[in-house]
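Structure at a glance
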Amino acid sequence: MRIRATVAAVTGALALSALAVPAAQAGTASDASLSKPSAAERFGLSSAKSGLRATVAADDEELPKVSKLTVNSGKNIVVGTTYAKTFTVSVTASHSTGIADAYIDLWHGTNVDSGLDGLLLPNQDAATCTAANATTSTCKLTITAAPGSDLYKNALAGTWHVAVGVLAGDATSVYWNDYQATQRVQRNSTLTVNAAPEPVKKGKTITVTGKLARANWETFKYAGYTVQPVKLQFRKKGSNTYTTLKTIKTNSTGNLSTTVKASVDGYFRYSFAGTSTTPAITTAGDFVDVR
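1. Notes on the overall build of the chain
When its secondary structure is counted, the chain shows one helix and 20 strands. Within the chain, buried positions represent 47% of all 291 residues. Long-range contacts, defined as pairs at least 24 residues apart, comprise 69% of the intrachain contacts of the chain with a sequence gap of at least 6. When the accessible surface of the chain is split by element, carbon and sulfur atoms take 50% of a total near 13500 Å².

2. Digging into the sheet that holds strand 6 (residues 99-109)
With mixed pairing, five strands are arranged side by side in an open sheet as 4-11-10-6-7. Of all strands in the sheet, those with a lone pairing partner are strand 4 (77-79) and strand 7 (116-120), marking the two edges. Shown here is a sheet whose adjacent strand axes are inclined to one another by a mean of 35 degrees, direction ignored. Pairing geometry for strand 6 and strand 7, over four bridges, is antiparallel. Within strand 7, the residue paired with Gly109 across the bridge is Leu116.

3. Re the nonpolar core
One finds Phe87, Leu106, Leu151 and Trp217 to be the most contacted residues of the largest nonpolar core, which totals 29 residues. Elements with a contribution of two residues or more to this core: strand 4, strand 5 (83-94), strand 6, strand 9 (136-145), strand 10 (158-168) and strand 11 (174-187). The residues contacting Leu151, other than those within four sequence positions of it, are Val79, Ala145, Ala146, Leu156, Trp160, Val185 and Trp217. Val193, Val230, Phe234 and Tyr270 belong to the second largest nonpolar core, which has 21 residues in total.

4. Topic: the packing of aromatic side chains
Taken as a whole, this structure holds six aromatic pairs when the rule is applied. Ring centres of Trp107 and Tyr179 lie 5.3 Å apart, and the angle between their planes is 85 degrees; on these two criteria the pair is classed as edge-to-face. With Trp107 in strand 6 and Tyr179 in strand 11, this residue pair connects regions lying 72 residues apart in the sequence. The exposure class assigned to Trp107 is buried, which follows from its relative accessible area of 0%. Measuring from ring centre to ring centre gives 5.0 Å for Tyr267 and Phe287, while their planes differ by 55 degrees; the resulting arrangement is tilted. Highlighted residues: Tyr267 in strand 18 (residues 266-272) and Phe287 in strand 20 (residues 286-288), separated in sequence by 20 residues. When its relative accessible area of 24% is taken as the criterion, Tyr267 is described as partly exposed. Taking the relative accessible area as the measure of exposure, Phe287 reaches 22% and is therefore partly exposed. Three or more aromatic residues joined by ring pairs make a cluster, and in this case those are Phe43, Tyr103 and Trp176.

5. Some words on the pairing of strand 9
Judged by how many residues are buried, strand 9 sits mostly within the fold: seven of 10 residues are covered. Relative to strand 9, strand 5 runs antiparallel, the two sharing 10 bridges. Pairing of Thr92 across the sheet is with Thr138, part of strand 9. In this antiparallel pair of consecutive strands, strand 8 (residues 128-131) and strand 9, the connection spans four residues.

6. Some words on the pattern of salt bridges
Within this structure, the stated rule accounts for four salt bridges. One salt bridge connects Asp289 with Arg291, and the closest N-O pair in it is separated by 2.9 Å. Asp289 gets classed as buried once you look at its relative accessible area, which sits at 17%. Overall, the relative accessible area of 64% leaves Arg291 in the exposed class. Residues joined in a network through salt bridges with shared partners are Lys36, Asp105 and Asp178.

7. As for unusual backbone geometry
Excluding glycine, residues mostly carry a negative phi; peptide bonds, for their part, are mostly trans. Look at the link from Ala196 to Pro197: it is a cis peptide, with omega at 0 degrees. Cis peptide bonds are those with omega within 30 degrees of zero, and the linkage from Glu198 to Pro199 qualifies with 5 degrees. Notably, Ala171 is not glycine yet its phi reads approximately 65 degrees, a positive angle. Tracing the chain through its elements places Ala171 in the loop between strand 10 and strand 11. On the basis of relative accessible area, Ala171 is assigned to the partly exposed category, the value being 38%. In the Ramachandran plot, Val227 falls in the positive-phi region, its phi being about 50 degrees despite a non-glycine side chain. In this structure, Val227 sits in the loop between strand 14 (221-224) and strand 15 (229-236).

About the cut-offs
Residues numbered from 1 in each chain as written. Predicted model: local features only at pLDDT ≥ 70, side-chain atom pairs only at ≥ 80, totals over all residues. Heavy atoms only, no water. Helix = DSSP H or I, 4+ residues; strand = E, 2+ residues; numbered from the N terminus. Buried < 20%, exposed > 50% of the residue type's maximum accessible area, 1.4 Å probe, protein only. Contact = heavy atoms within 4.5 Å. Areas by Shrake-Rupley, 256 points an atom, 1.4 Å probe, with all protein chains shown as cover. Pairing = 2+ DSSP bridges. Axes fitted to C-alpha atoms, helices over the stretch in contact; angles between N-to-C directions. Core = buried A, V, L, I, M, F, W, Y, C linked by side-chain atoms within 4.5 Å. Phe/Tyr/Trp six-rings, centres within 6.5 Å; stacked < 30°, edge-to-face > 60°. Salt bridge = Lys/Arg side-chain N within 4 Å of Asp/Glu carboxyl O.

What follows is the structure, given as structure tokens:
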């Protein structure tokens, strides 16, 4: 029986929403077209100081204090080939005059001032801020990542920087840090398993095949993930526990194939631990009847 598993984008209370991206609209970005706003531009301030990449307060100046940052409910951002992914970001901050607005973006590159090659901007012009009290608020925004446009090359998979800006209630005090945190943005993965023949006589050979693939943001197709370690696991019928039988590597096209001796009825599955650019995935079990 052939079993296919696909990593869902993200689930949970702040789950990613999905919007189709027609191939005709999916363009090719370039680092020359990417432009991050400064604090002054985002919050409409004239002070040059507010545009600093990492704001530093004078001895007598109070800046907003960030106490919590959440991106996509703390989960990796996983993007496939067909749909744009919209996720929620939030920041909790405080200031004696309260919090008026906040800003969050994700950027990729060696340096924010030069070498910027990826940028995910918020969808809203202003954050939705909910006050916990007179000084502290949690501000939320959403960000959309689309394959082929925002994610225009596969090299963008991996670790991104998270920039955070906060405007105090006095409308002049600003916190801004382009290196507030890091976040993984990954290429969605798929994995299949097929154990055959079925049924099989005890002592005979079972061949377990499969394929590990991941999203290619440049071609809008899934391609084999090569030379990756994948575990073959087995669970006896009536048991709830899988045991790893062996670890094998995908070949030059992402395919998997190995053999085992038939002993008892049970389920075979493949399990991939994931990498920094590609999420972990495990197939459902493929049952083999041993007679």
